[in-house]
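Coordinates in review
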Amino acid sequence: MRRSRFQFLYRVCVLSLQRSRSCNGRNRCLILFVLLSFFTAAQAQQKQPDNDLTRYVDPYIGTGFHGHVFLGANRPFGGVQLGPVNMSEGWDWCSGYHYSDSTIIGFSHTHLSGTGIGDLGDVLVMPTTGPILPKKGRLNQPGSGYYSLFSHAAETAKPGYYAVDLKRTNIRAELTATERVGFHRYTFPASQEARIIFDLKEGIGWDLSTATFIRRVNDSTIEGYRYSKGWAPDQRLYFAAVFSRPFASFAVYEDSLARGGDSLPGRRVKGIASFVTGAGEKIQLKVGISPVSTANALRNIQAEAPGWNFDEVAAAANQAWNRELSKVQFKTNDPSKRRVFYTALYHTMIAPSLFNDNNRDYRGTDKKVYQNASFSNLTTFSLWDTYRAAHPLFTLLQPERVPDMINSMLAIYQQQGKLPVWHLMANETNTMPGYSAVQVITDAYLKKIGGFDTALAWEAVKNTAMQDERGLIWVRKYGFIPADSMKESVAMGLEYAIADWGIAQMARRMGETADYAYFSKRAENYRNYFDDTSKFMRGRVSQTSWRTPFSPFEARHMQDDFTEGNAWQYTWLVPQDVEGIIRLQGGETLFTKKLDSLFVAKGSMGKEASPDISGLIGQYAHGNEPSHHIAYLYNYVGKPWKTAEKIRYIIDSMYSDRPDGLCGNEDVGQMSAWYVLSALGLYEVNPMNGKYVIGSPVMDEAVIDVGHQKTFRIEVKNNSPKNIYVQRILLNNKAYTKSYILYQDIMNGGNMQIQMGDKPSAWGADKKDRPYSDIQ
């Protein structure tokens, strides 16, 4: 019941008692006291936060279509991602699992989530019965290996827990995890030939084992390592595994060939522990992983999972997820939207993931071991994707973790001489344009988050921007990257300009006036890619000529001037200076007309277009990150009602609570972070100026825990699928006309009340209320 209904019922009871002639005064007081206690308790219960939010998470969302999300057991930002691996391979199996599949080759301890390249899949474990089969087998030959079929009807997935019945062997597999330990529980049938296989050959996607080792330590412990190359060219992972009961025997194999002894090095090593089991007998297994050593892997088990109570560890994992999810109490009468919201929030916390040991040791990019670091080292930095929404979300919900993210990036800078581009398992992959760590670091600095060395941060962002590689030599020489000098020149140059704006603002705050002027000029380099005749960004060959032929629709993956996009999509990639692109388009009227056209324009992108260009609305591509801020640009021309229309349409049509509920690649949490922020009615268009543009919230109420025992409450009145337009806003009971809110105003705590309606209003239209690109 809502409060008004409680009050109504209470008044009815009081009036009834007042009119009753059968109760004396003392009895009346007693009854009134009981009623008052009941209604007060009921109202208090209504105000209690929902502490069981994992029930709203559906980890299957995004496992279908092109979502590429991880399915399995892990902790928030945990180093272990323990989950199933299908036999099938290909782009839609980048995480190792796709909802369309019905095969399992085992359960590996590391996975990516939502990437466009497959990698990891380290330390694959598979329970089985029968004769020893050291290979996974072939799909159309069921007896050729240890793989099994499974059914979604006999599969369970929830935060911190995964279970499945393996059809071929009638084994029940259950998984949970701590931050650095994968905990397995296998229920076997009666068998004289029960086995648990460790296959160090198998990996996911591009991953290829290069050196592996396994050793029997005693009759219930094994250890080893797996070195591999793939997307990340030099991966090194160590492990230790402890069984809940002694194994009857242990055999080692090189690929399919049996080798004698208790240990074996090689490229494709496997170890097989054998048991005799009774019907329903459970064998448990704890696998610790480490980037440093097998000894540290074993210490991780001893520190994080010393006992054998699987259910207790699973409950602790559930509690860890609830603790993080409860940072937003998202209230809506739409169960589907609630599931999508909390699943999206869950997906934002799979990475960056821990890449260290419980004692804080880690292996750096230079392959040296750093002991007892002062921060928790992290990996899986998909920064070109995540700087846009995921990291601005972290500054709101994870400010205590942001320093670890920044310190990990600064350590990478010290070890490889530049900030990370796309960092994975102590490897620089140099994937995607720009140097997007700059946006993350400068945003944190400008928001005064602290917890990292600002002098080192300044050195890192400046030196990274002053290198020669990846077209920067041309940026410094010409102010643009010639299209005939490298591929994806426009995408690269536009990303550099965004980052350079952040460097300029950091320089200004640090009193570096010369650097402020220099990088402010570089932040305007986007102008050099704008063709005033076509009104599109395009490849420039020289100061006086453009690349020809040119079509704003065409996209040639990794062969033209854009990255996973076309000129229609990249023309708007100036979040640091929206006013500037408005002027280039000829003013607000022409800008608005061109922006309207984006959402209806039709044309062929050609047969060489990237599959990442998905979720199309006209030429707007929600399935790819460069489009993510575009719908919010209407606020900059005083038309937030148009933003509301586009945002609601995207939320309703591009996200659902089905396995195919993502319209494109999850990209390590970015797609989900966009949803979380947009569902709350907020989005930091310029990812470094601390201004969260207001769109169209979909909930009735949200309470955000901003730390320090403060909350920021967003109450949305008269909200519905038709009432999508903001009519008026009160911020802490005062009229609020700006179409954005500052980061610091959110973090100070307070109350924002938003009144919605079914028609556009004048709210946010005045020029003084627009989210121009100055720093907060």
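Parameters and conventions
Here the residue numbers are simple positions, counted from 1 along each chain's written sequence. Owing to the predicted nature of the model, reporting of local features is limited to residues with pLDDT of at least 70; listing and counting of side-chain atom pairs is limited to 80 or more, with chain, interface and lining totals taken over all residues. Water and hydrogen atoms were dropped before computing side-chain values, which therefore reflect all heavy atoms in the structure. Every residue is assigned a pLDDT by the predictor, reflecting its confidence on a scale from 0 to 100. Any two residues whose heavy atoms approach within 4.5 Å are treated as being in contact. Within this scheme, the nonpolar core is defined by two criteria: the residues are buried Ala, Val, Leu, Ile, Met, Phe, Trp, Tyr or Cys, and they are joined through side-chain atoms within 4.5 Å. Here's how the labels work: a residue is buried when its accessible area is under 20% of the maximum for its type, exposed when over 50%, partly exposed in between, all with a 1.4 Å probe on protein chains only. Strands are runs of DSSP state E lasting at least two residues, helices are runs of H or I lasting at least four, and both sets are numbered from the N terminus onward. Whether two strands pair depends on DSSP finding at least two bridges between them. We count a salt bridge whenever a side-chain nitrogen from Lys or Arg sits within 4 Å of a carboxyl oxygen from Asp or Glu. Grid points spaced at 1 Å over the protein atoms alone were grouped into cavities, where a 1.4 Å probe fits but cannot get out, and pockets, open sets with protein on both sides within 12 Å along at least five of seven lines, with lining residues defined by an atom within 4 Å of a point. Grid points are joined across faces, edges and corners, and a volume is the space filled by probe spheres set on the points. For this classification, Asp, Glu, Lys and Arg are treated as charged, while Ala, Val, Leu, Ile, Met, Phe, Trp, Tyr, Cys and Pro are nonpolar and the rest, including Gly, are polar.

Quick look at the confidence of the model for the protein
Per-chain confidence: the protein averages 94 in pLDDT, with 94% of residues scoring 70 or above. Contacts of residues 1-6 to residues separated by more than four positions or lying in other chains number 10 contacts, the stretch itself having pLDDT below 50.

Some details on the nonpolar core
With 209 residues, the main nonpolar core has Phe107, Ile196, Phe198, Phe341, Leu345 and Leu419 as its most contacted residues. With 12 residues, helix α12 (residues 489-510) is the largest single contributor of residues to this core. Ignoring sequence-local partners within four residues, the contact set of Phe341 consists of Val328, Phe330, Tyr675, Val676, Ala679 and Leu680.

Section: the sheet that holds strand β25 (residues 381-382)
The strands making up a sheet associate through backbone hydrogen bonding, with each pair oriented either parallel or antiparallel. The strand order β25-β26-β27 describes an open sheet built from 3 strands, whose pairing is antiparallel. Each having just a single partner strand, β25 and β27 (427-428) make up the two edges of the open sheet. Here 2 bridges tie strand β26 (residues 422-424) to β27, and the two strands are oriented antiparallel to one another. Of the residues in β27, the one forming a bridge with Leu424 is Asn427.

So, the side chain of Thr348
Within the secondary structure, Thr348 sits in the loop between α5 (335-347) and β21 (353-354). For Thr348, a relative accessible area of 2% gives the class buried. The residues touching Thr348, leaving out its near neighbours within four places in the chain, are Phe77, Leu393, Phe394, Gly669, Ser672 and Ala673.

Remarks on the pattern of salt bridges
Under the defined criterion, the tally for this structure stands at 45 salt bridges. Among the salt bridges present, the one from Arg172 reaches Asp165, with a minimum N-O distance of 3.0 Å. Assessed through its relative accessible area of 31%, Asp165 is described here as partly exposed. For Glu588, the salt bridge goes to Arg770, with nearest N and O atoms at 2.6 Å. Here the residue Glu588 occupies a position in helix α16 (residues 588-598), and Arg770 occupies one in the segment after β39 (750-757), the gap between them amounting to 182 residues. Each of Asp199, Lys201, Asp255, Arg268 and Lys270 takes part in one network of salt bridges that share partners.

Describing unusual backbone geometry
The amide bond that connects Ala351 to the next residue, Pro352, takes the cis arrangement and shows omega of 0 degrees. As for its placement among the helices and strands, Pro352 is situated in the loop between α5 and β21. With omega at -5 degrees, the peptide bond leading from Thr548 into Pro549 counts as cis. Look at His68: it is not a glycine, yet its phi comes out positive at around 65 degrees. On the accessibility criterion, His68 (1% relative accessible area) is buried. A positive phi angle, close to 70 degrees, is found at Leu120, a residue other than glycine.

Considerations on the pairing of strand β34 (residues 701-707)
Here β34 lies mainly inside the structure; 5 of its 7 residues are buried. Where strand β20 (residues 328-331) and β34 come together, 4 bridges link them in antiparallel fashion. Looking at β34, one finds that Val328 is bridged to Ile704. Bridging between β34 and strand β35 (residues 710-717) involves 6 bridges; their strand directions are antiparallel. Each residue of the ladder has a partner; that of Gly707, found in β35, is Lys710. Between β34 and β35, which follow one another and run antiparallel, lie 2 residues, and His708 among them has a positive phi close to 55 degrees.

Brief notes about empty space enclosed by the protein
Applying the stated criterion across every chain yields a total of 9 cavities of 30 Å³ or more. Approximately 180 Å³ is the volume attributed to the largest cavity. If you go around the largest cavity, you meet 23 residues; those closest to its centre are Gly79, Gln81, Ser353, Leu354 and Met425. Secondary structure elements with two or more residues in the lining of the largest cavity: β19 (281-290) and β21. The class makeup of the residues in the lining of the largest cavity is 11 nonpolar, 10 polar and 2 charged.

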